Amino acid sequence: MEEIVLEGITIPVVKKKMKNMYIRVKPPEGEVKLTAPIGVSDDDIREFALSKIAWIKKQQERCKKVSVQAEGEYVTGENCYLWGKKYILDVQDTDYGSRVFLWGENVVLRIGHGSTREEREQVLNDWYRREMRRALPGVLKKCEKIVGVRAKEWRIKNMRTRWGTCNIPEQRIWLNLKLAKKPPECLEYVVVHELVHLLEREHNGVFYGYMDKFYPGWREVKVRLNETSKEG
Ligand SMILES: [Zn+2]
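What comes next is a walk through the structure.

What counts and how
Residues numbered from 1 in each chain as written. Predicted model: local features only at pLDDT ≥ 70, side-chain atom pairs only at ≥ 80, totals over all residues. Helix = DSSP H or I, 4+ residues; strand = E, 2+ residues; numbered from the N terminus. Rg over C-alpha atoms; globule rule 2.2 N^0.38 Å. Buried ≥ 20, exposed ≤ 12 C-beta atoms within 10 Å, placed from the backbone. Pairing = 2+ DSSP bridges. Axes fitted to C-alpha atoms, helices over the stretch in contact; angles between N-to-C directions. Contact = placed C-beta atoms within 7 Å. Core = buried A, V, L, I, M, F, W, Y, C linked by C-beta atoms within 7 Å. Parallel < 35°, antiparallel > 145°, perpendicular 65-115°, else oblique. Left-handed = near helix turned anticlockwise from the far one by under 90°. Nonpolar A, V, L, I, M, F, W, Y, C, P; charged D, E, K, R; others polar.

Notes on the overall build of the protein chain
Next, step 1: When its secondary structure is counted, the protein chain shows six helices and eleven strands.
Next, step 2: At 23 Å, the protein chain has a C-alpha radius of gyration far larger than the 17 Å of a compact globule built from 232 residues.
Next, step 3: Referenced to the eigenvectors of the C-alpha coordinate spread, the extents of the protein chain come out at roughly 75 × 30 × 25 Å.
Next, step 4: Split into buried and exposed, the 232 residues of the protein chain put 28% on the buried side.

The following block contains the structure:
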């Protein structure tokens with residue numbers, strides 16, 4: 001059986017070496033695909049799809065309804081950004097541990113059935129934090145060399161209003177994990193900005209003189225960092 005049609009919905013069937021059947025509804029178009037183990041009978045496949053038909057319709061409705069601009073509920077169809085590139089969020093149920101990964105144009109979030117908005121946000125933020133940890137060593141190496149100073153400690157935090165902060169006496173810099181949503185140059189700009197605070201506390205002429213010297217394009221990058229929505 002290559003596809004089944006149920007209540008007007010065409011569902012391609014793919015057989016694979018696996019244990020369980022599952023159905024995916026893929027945003028943004030709401031295409032449905034059923035994957036089944038090689039030995040499963042056509043009747044079982046049809047029965048399984050039929051048992052999921054209400055869920056399939058609900059997912060398709062959701063794909064249609066979620067506007068391109070909607071963000072912050074962490075549901076299928078929402079925009080989801082990584083390093084300045086736009087992806088579409090695809091929330092999938094799983095019985096195993098939560099995970100996040102890129103799949104083509106999608107950010108796939110696998111999480112237990114009936115997850116709350118807060119739980120989905122938490123899992124995604126953990127993923128952004130890992131992305132930041134992965135990118136940071138290279139960026140630090142480059143920026144510390146340019147500015148000629150080093151911080152004693154770096155932390156990645158979920159901050160509501162700031163992209164970065166610098167505790168000058170402690171020489172400790174905190175970066176917002178949401179920088180992983182922005183183009184990579186935004187992280188560089190914020191790192192240089194916070195490092196320059198180790199040379200000059202205030203946002204004064206001296207400070208901006210350093211910025212112009214160490215990161216000549218910083219003004220445009222700052223605009224890009226703040227012009228898009230808070231989440232994007
Ligand atoms: Zn500052």
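Quick notes on the sheet that holds strand E4 (residues 31–37)
Strand pairing in a sheet takes place through backbone hydrogen bonds and is either antiparallel or parallel in direction.
Next, step 1: Across the sheet, four strands lie side by side as E1-E2-E4-E3; this open sheet has mixed pairing. Each edge of the open sheet is held by one strand with a lone partner, namely strand E1 (3–6) and strand E3 (22–26). With strand direction ignored, the average angle separating the axes of adjacent strands in the sheet is 30 degrees.
Next, step 2: Set on the sheet, helix H1 (residues 42–51) makes contact with E1, strand E2 (9–16), E3 and E4; between it and E1 the angle comes to about 40 degrees.

Topic: the environment of Val107
Next, step 1: Mapped onto the elements, Val107 comes out in strand E8 (residues 106–111).
Next, step 2: Taking C-alpha positions, Val107 is 34 Å from Arg150, a pair spaced 43 residues apart along the chain.
Next, step 3: The contact partners of Val107, leaving out residues within four places of it in the chain, are Cys80, Leu82, Tyr87, Leu89, Asp90, Val100 and Leu102.

What to know about the sheet that holds strand E9 (residues 153–157)
Next, step 1: Pairing within the open sheet is mixed, and its three strands lie in the order E9-E11-E10. The sheet is open, and its two borders are formed by E9 and strand E10 (164–167), each paired with just one other strand. Across the sheet, the axes of successive neighbouring strands diverge by a mean angle of 15 degrees, strand direction being ignored.
Next, step 2: One ladder, built from four bridges, connects E10 with strand E11 (residues 172–176); its direction is antiparallel. Residue pairing in the sheet places Thr165 in a bridge with Trp174 of E11.
Next, step 3: Against the sheet, helix H4 (residues 184–196) engages E10 and E11, with an angle of about 20 degrees to E10.

Looking at the nonpolar core
Next, step 1: Leu109, Leu179, Val190 and Val192 are the most contacted members of the largest nonpolar core, which has 38 residues in total.
Next, step 2: Among the elements of the structure, strand E5 (79–82), strand E6 (85–93), E8, helix H3 (117–147), E11, H4 and helix H6 (218–227) are those that each provide at least two residues to this core.
Next, step 3: Broken down by element, the residue count for this core peaks at eight residues, all from H4.
Next, step 4: Apart from residues no more than four positions distant in its own chain, Leu179 is found in contact with Met132, Trp163, Cys186, Leu187 and Val190.
Next, step 5: Grouped together as the second largest cluster of nonpolar side chains are eight residues, Ile11, Leu34, Ala49 and Ile56 included.

Topic: the pairing of strand E7 (residues 99–103)
Next, step 1: Pairing of E7 with E8, which is carried by five bridges, proceeds in the antiparallel orientation. Following the sheet pairing, Arg99 is matched in E8 by Arg110.
Next, step 2: Counted along the chain from E7 to the antiparallel partner E8, the turn is two residues long, and its residue Gly104 has a positive phi close to 60 degrees.

Quick word on unusual backbone geometry
Next, step 1: Of note in this structure, Glu7 is not a glycine but carries a positive phi near 45 degrees.
Next, step 2: With respect to the helices and strands, Glu7 occurs in the loop between E1 and E2.
Next, step 3: Although it is not a glycine, Trp83 sits at a positive phi angle of roughly 45 degrees.
Next, step 4: Mapped onto the fold, Trp83 is located in the loop between E5 and E6.

Topic: the packing of H4 against helix H5 (residues 205–214)
Next, step 1: It is at 10 Å that the axes of H4 and H5 come closest, and there the two elements cross at 135 degrees. By the angle class used here, H4 and H5 are oblique. At the point where H4 passes H5, the crossing takes the right-handed sense. Counting all contacts with H4, which are made through Val192, His193 and Val196, the residues of H5 involved are Phe207, Tyr210, Met211 and Phe214.
Next, step 2: Each residue belonging to the contact of H4 with H5 can be placed in one class, and the counts come to six nonpolar, one polar and no charged.

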